[in-house]
Amino acid sequence: MSQPSPYVLTRAEKMIVDLLSQHGALSRTELAWHTGYSRAKIGAAVQSLMERRILEEVGDDESRGGRRARLLNFSPNIGYIFGIDVGATSVDIALSDFTGRILSRFDTPADVRDGPDLLLGMIKDQMLAMLQSTGLTPDQIRGIGIGVPGPVEFSTGLLIAPPIMPGWEAFPIREYFNRFFPQAIVIVDNDVNVMALGELRRGKNINAQNFIFIKIGTGIGCGIVCQGKIYRGSSGCAGDVGHICVDYNGPICHCGNRGCVEAMAAGPAIAAKAMQAAQEGRSPILQQLMESNNGILTAKDVGIAAARGDRVSIGLIQESGKLIGEMLAGVVNFFNPSLILIGGGVSNIGYQLLSSIRQAVLARSLPLSTRDLRIEYNSLRGEAGIYGAIYLALEHIFTTLATPGIEEED
């Protein structure tokens with residue numbers, strides 16, 4: 001089954017719908033100011049979008065003296081969006097309108113190791129239930145954006161050799177959802193790219209044009225924003241920094257190589273080191289936590305122990321931060337971002353992690369590349385993935401048609 005065709009817009013029309021997606025209702029004057037286009041050009045583009053029932057006038061702007069300007073926004077009849085954030089151990093689903101306003105939300109623990117049939121079946125059933133509860137129908141869904149914790153060939157939406165997702169290799173996720181939502185354009189991307197997109201479109205750093213988003217969780221990944229757009233590379237796997245080697249004598253990673261930063265500093269590695277420390281009697285606090293958790297520790301437990309002043313746990317967090325920072329120093333020297341955002345479940349285990357990352361990056365990067373560099377937690381925290389999934393769909397419902405040899409007049 002092929003996907004529905006996107007709306008093909010001129011460059012001015014595409015800029016208008018992107019602005020309305022980000023800011024909500026705007027007047028023609030405000031659109032002209034944001035785009036730099038003339039009032040006449042904006043007026044013509046708006047008229048075209050209204051004739052196609054993509055936009056409509058929704059009321060008057062605040063009075064600034066004289067006649068009030070009319071506000072424009074998406075027509076309710078155009079449809080709705082689903083954003084789906086699939087994590088290694090959870091699923092978050094949101095139903096939104098075309099401005100990114102969330103109308104309904106559902107999240108639940110889940111395990112991607114259960115395989116695509118079981119997990120996607122649960123997601124599909126919940127999506128249909130959300131539509132029923134809001135009085136909508138599947139035909140009204142125009143876009144579905146999905147973030148998944150594995151390498152995605154972006155052009156096809158297929159997962160390629162996902163290390164923590166057995167059974168998902170080349171599973172046709174797009175076709176699966178198009179069977180139930182035939183009017184929806186379905187876009188699949190790696191979860192950290194989706195998080196970076198969420199920060200780009202909805203975070204407090206929306207003016208940042210060149211930044212990276214580092215997700216630290218079960219694995220370690222990097223979303224790259226270059227000149228205001230997600231950079232995916234030639235096949236869609238740019239940013240797989242978790243498999244950069246930081247110790248050639250280190251443990252064997254699930255990718256088959258030794259000393260990957262993911263194998264030494266991600267959540268499972270922190271938990272394994274903590275369990276060893278508890279078993280060897282080096283941390284009474286970790287011992288107590290392990291006994292109360294049926295002999296298991298997680299990275300979250302290490303954060304709890306560190307907050308209680310446990311020196312072993314603090315050391316484990318600092319060690320992971322140092323390894324991640326040393327890896328990032330190479331990325332900083334290569335890419336020269338203005339901002340590094342740190343997110344993911346493990347990023348919350350203690351302030352020592354962010355502090356150690358900063359120290360290692362500053363120590364091992366060139367002075368010019370770090371002169372204006374900021375390293376901080378992502379502003380949306382756990383919301384980055386779901387907003388990114390919504391905007392992933394929105395970005396592909398509308399497209400511009402490039403005609404070779406012909407440029408649109410400004």
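About the thresholds
Residues numbered from 1 in each chain as written. Predicted model: local features only at pLDDT ≥ 70, side-chain atom pairs only at ≥ 80, totals over all residues. Heavy atoms only, no water. Helix = DSSP H or I, 4+ residues; strand = E, 2+ residues; numbered from the N terminus. Expected span 1.5 Å × (residues − 1). Buried < 20%, exposed > 50% of the residue type's maximum accessible area, 1.4 Å probe, protein only. Arc of directions from axis to C-beta. Contact = heavy atoms within 4.5 Å. Pairing = 2+ DSSP bridges. Axes fitted to C-alpha atoms, helices over the stretch in contact; angles between N-to-C directions. Phe/Tyr/Trp six-rings, centres within 6.5 Å; stacked < 30°, edge-to-face > 60°. Lys NZ or Arg CZ within 6 Å of the ring centre and 35° of its normal. Parallel < 35°, antiparallel > 145°, perpendicular 65-115°, else oblique. Left-handed = near helix turned anticlockwise from the far one by under 90°. Nonpolar A, V, L, I, M, F, W, Y, C, P; charged D, E, K, R; others polar. Salt bridge = Lys/Arg side-chain N within 4 Å of Asp/Glu carboxyl O.

For helix 3 (residues 39-51), built from 13 residues, the straight-helix expectation of 18 Å at 1.5 Å per residue is met to within 8% by its first-to-last C-alpha distance of 18 Å. Of all the positions in helix 3, only K41, I42, A45, V46 and L49 are classed as buried. Projection of helix 3 onto a plane perpendicular to its axis shows the buried side chains occupying an angular sector of 130°, all on one side. Every exposed residue of helix 3 that faces more than 90 degrees away from the buried side is listed here: R39, A40 and E51. In this structure, the buried residues of helix 3 make contact with strand 1 (7-9), helix 1 (11-23), helix 2 (28-35), strand 3 (55-60) and strand 4 (70-74). Backbone geometry just downstream of helix 3 places R53 in the positive-phi region, at approximately 60°.

Moving on, we get to the sheet that holds strand 11 (residues 185-190). Pairing within the open sheet is mixed, and its five strands lie in the order 7-6-5-8-11. The sheet is open, and its two borders are formed by strand 7 (102-109) and strand 11, each paired with just one other strand. Averaged over all neighbouring strand pairs, the angle between strand axes comes to 10°, with direction disregarded. Looking at chain direction, strand 6 (residues 90-96) and strand 7 are connected through seven bridges and run antiparallel. Each residue of the ladder has a partner; that of I93, found in strand 7, is F106. The strands touched by helix 4 (residues 116-134) are strand 5 (80-86), strand 6, strand 7 and strand 8 (141-148); relative to strand 6, the strand with the most contacts, the crossing angle is about 30°. Across the sheet, helix 6 (residues 191-202) lies against strand 5, strand 8 and strand 11, angled at about 105° from strand 11, the strand it touches most.

With that settled, the discussion passes to the packing of aromatic side chains. The final tally for this structure, using the stated rule, is eight aromatic pairs. Between the aromatic rings of Y7 and F398, the centroid separation amounts to 5.4 Å while the plane-to-plane angle is 25°, which identifies the pairing as stacked. Here the residue Y7 occupies a position in strand 1, and F398 occupies one in strand 17 (residues 398-400), the gap between them amounting to 391 residues. Pairing Y176 with F177 gives two aromatic rings, centres 5.4 Å apart and planes at 85°, and the pair type is edge-to-face. Here a set of aromatic residues connected by ring pairs shows up, and it is made of Y7, F74, F98 and F398. In this arrangement the basic side chain of K41 is found over the ring face of Y37, its NZ or CZ atom lying 5.3 Å from the centre. K124 extends its terminal NZ or CZ atom over the ring of F180, reaching a point 4.7 Å from the ring centre.

Okay, the packing of helix 11 (residues 311-335) against helix 12 (residues 351-364) next. Following both chains from N to C, one finds helix 11 and helix 12 inclined at 40°, their axes separated by 7 Å at the closest point. Classified by the angle between their axes, helix 11 and helix 12 sit oblique to one another. Classified by chirality, the crossing of helix 12 by helix 11 is right-handed. For the contact of helix 11 with helix 12, the class distribution of residues is 10 nonpolar, seven polar and three charged.

This paragraph deals with the pattern of salt bridges. One pass over the structure, following the stated rule, counts 19 salt bridges. With a closest N to O distance of 2.9 Å, D111 and R113 form a salt bridge. The shortest N-O distance in the salt bridge between R282 and E280 comes to 2.8 Å. A relative accessible area of 44% places R282 in the partly exposed class. Three or more residues joined by partner-sharing salt bridges are found here, namely R28, E57, D60 and R70.

Extensive coverage of strand 5 is indicated by the burial of seven of its seven residues. Burial along strand 5 is two-sided: Y80, F82, I84 and V86 and I81, G83 and D85, pointing in opposite directions, are all buried. Summarising the sheet, strand 5 and strand 8 pair through six bridges and their orientation is parallel. Pairing of I84 across the sheet is with I146, part of strand 8. Two elements, strand 5 and strand 6, share six bridges in a ladder whose sense is antiparallel. Paired with G83 across the bridge in strand 6 is A94.

Attention now goes to the packing of helix 2 against helix 3. To describe two helices that pack against each other, one gives the angle between their axes and the distance between the axes. Running from N to C, helix 2 and helix 3 point in directions that differ by 115°, and their axes come no closer than 9 Å. Between helix 2 and helix 3 lies a crossing of right-handed hand. Here R28, T29, L31, A32 and T35 of helix 2 come into contact with helix 3, specifically with R39, I42, V46 and M50. Broken down by class, the residue content of the contact of helix 2 with helix 3 amounts to five nonpolar, two polar and two charged.

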